[in-house]
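Residue-level structure breakdown
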Amino acid sequence: QYLLKKMKEDSRVVTITSGTPAVLGFTPDRRQEAGKQFVDVGIAEEHAVALASGIATNGGKPVYGVYSTFIQRSYDQLSQDLCINNNPAVLLVFWGTLSGMNDVTHLCFFDIPLISNIPNMVYLALTCKEEYLAMLEWSIRQNEHPVAIRVPISVVSDGKKVTKDFSKLNEYEVTQNGSKIAIVALGSFYSVGAKTAEIIENKTGVKPTLINPIYITGTDDKLLEQLKENHDIVITVEDGVLDGGFGEKIARFYGNSDIKVLNYGLKKEFLDRYNPEEIVKANRLTPEQIAEDVCGIIG
């Protein structure tokens, strides 16, 4: 509905799919309504990214929606066509999560290392519906960067108005001020971080700082430096593999300091027909397990 409205307002807005229009909500009647501004290239993710890059470089506003599990097919085009040329196409990466598809050939938790380490790319992680629509509005309007947005399976409303200026890259949002412990909780796992902070405070009396990083592709060096003043432990939580992931960027920043960093995410492995709840517990990703680890350190 949002994209249909944008298409009607601006003929430059083009929505692209590679054989999965339903992930964008484009039913047959909506595709007909969109007309030539909706393009289905078939199962050809490589072509979809190259097409988006070409449209963007000529002044169009392409939005390509793709499941996380299929984005690896287009790595060459992401790097060589899109990001080298710094073309302002928009990618919606759906179901980037442990809790998505669970077939070994359809895993959705490898996209962060794949996308976030390509130069010029801006990869955003949303925590609610309001952030999602605000990110989408900004990414379509801006002309400076290729932007990808990581869209979880469930996007809920928190009722809060988003006033953030996304063009100020890598500025994280502190949603709760505290001390000693900081929790940097990315995207769909922000709620895990919030619950962890609550448990830690109840058990120890220490109120952790809670941070919504928003930007997967960069670090807020100013904020991370400030945390050194009254924090001893920084925790990162992400809904994806740890190797090459978001948390490692934070750990690298604090590498030569006295700050202790705990990275929480998934082990690098292929899983097949798994139970998400079991994998979450096996990787110590429940708020209770994370809080237990932290309480064990601070005594």
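For the structure itself, consult the block above.
The structure presented is a predicted model; accordingly, all values stated were derived computationally and were not measured. (Residues numbered from 1 in each chain as written. Predicted model: local features only at pLDDT ≥ 70, side-chain atom pairs only at ≥ 80, totals over all residues. Heavy atoms only, no water.)

Looking at the pattern of salt bridges
- In the structure shown here, the tally under the stated rule is 14 salt bridges.
- Among the salt bridges present, the one from Lys228 reaches Glu225, with a minimum N-O distance of 3.3 Å.
- According to the relative accessible area criterion, Lys228 is partly exposed, its value standing at 30%.
- Residues Glu292 and Arg284 are paired through a salt bridge, measuring 3.6 Å at the closest nitrogen-oxygen approach.
- Residue class for Arg284 comes out partly exposed when judged on its relative accessible area of 30%. (Salt bridge = Lys/Arg side-chain N within 4 Å of Asp/Glu carboxyl O. Buried < 20%, exposed > 50% of the residue type's maximum accessible area, 1.4 Å probe, protein only.)

Observations concerning the sheet that holds strand E1 (residues 13-17)
- Read from one edge to the other, the open sheet built from six strands follows the order E2-E1-E3-E4-E6-E5, with strand pairing classed as parallel. Because the sheet does not close on itself, it has two edges, and the strands there are strand E2 (38-40) and strand E5 (122-125). On average, each strand axis in the sheet is inclined to that of its neighbour by 20°, with strand direction left out of account.
- Of the strand pairs in this sheet, E1 and strand E3 (residues 61-67) are connected by five bridges, and their pairing is parallel. Its bridge partner lying in E3, Thr15 is registered against Val63. (Pairing = 2+ DSSP bridges. Helix = DSSP H or I, 4+ residues; strand = E, 2+ residues; numbered from the N terminus. Axes fitted to C-alpha atoms, helices over the stretch in contact; angles between N-to-C directions.)

A look at the pairing of E5
- Judged by which residues are buried, E5 turns out to be covered on both faces: Val122 and Leu124 on one side and Tyr123 and Ala125 on the other are all buried.
- As for the winding sense of the linkage, the β-α-β connection from E5 through helix H6 (residues 129-141) to strand E6 (residues 147-151) is right-handed. (Right-handed = clockwise from strand over helix to strand, strands pointing away.)

Remarks on the pairing of strand E11 (residues 260-266)
- Summarising the sheet, strand E10 (residues 231-241) and E11 pair through six bridges and their orientation is parallel. Bridge pairing in E11 links Thr236 to Asn263.
- Following the chain from E10 across helix H9 (residues 246-253) to the adjacent parallel E11, one finds a crossover that is right-handed.

Topic: the packing of helix H1 (residues 2-9) against H6
- Contact geometry for H1 and H6: axes closest at 12 Å, N-to-C directions at 30°. With respect to H6, the element H1 is oriented roughly parallel. Of the two elements, H1 crosses H6, and the hand of that crossing is right-handed. Contact residues: H1 offers Tyr2, Leu3 and Lys6, while H6 offers Leu133, Leu136, Glu137 and Ile140. (Parallel < 35°, antiparallel > 145°, perpendicular 65-115°, else oblique. Left-handed = near helix turned anticlockwise from the far one by under 90°. Contact = heavy atoms within 4.5 Å.)

A few points about the nonpolar core
- Grouped together as the largest cluster of nonpolar side chains are 69 residues, with contacts concentrated most on Leu78, Leu92, Leu124 and Ile149.
- In this structure Leu124 touches Met135, Trp138, Val147, Ala148, Ile149, Arg150, Ile214, Tyr215 and Ile216, once residues within four positions along its chain are discounted. (Core = buried A, V, L, I, M, F, W, Y, C linked by side-chain atoms within 4.5 Å.)

Points about helix H4 (residues 75-83)
- Looking only at H4, the buried set comprises Gln77, Leu78, Ser79, Leu82 and Cys83.
- If you follow the buried residues of H4, they end up packed against helix H3 (45-57), strand E4 (90-94) and helix H5 (111-116).

Some details on the packing of aromatic side chains
- Per the stated rule, a full pass over the model turns up nine aromatic pairs.
- Between Tyr67 and Phe70, the ring centres sit 6.1 Å apart and the planes meet at 85°, which makes this aromatic pair edge-to-face.
- Residue Tyr67 is classed as buried on the basis of its relative accessible area of 14%.
- Ring geometry for Trp138 versus Phe166: centroids 6.1 Å apart, planes at 40°, classification tilted. Highlighted residues: Trp138 in helix H6 and Phe166 in the loop between E6 and strand E7 (173-176), separated in sequence by 28 residues.
- Given a relative accessible area of 5%, Trp138 falls into the buried group.
- Chaining the aromatic ring pairs together yields one cluster made of Phe109, Phe110, Phe270 and Tyr274. (Phe/Tyr/Trp six-rings, centres within 6.5 Å; stacked < 30°, edge-to-face > 60°.)

That is the geometry; function is a separate question.
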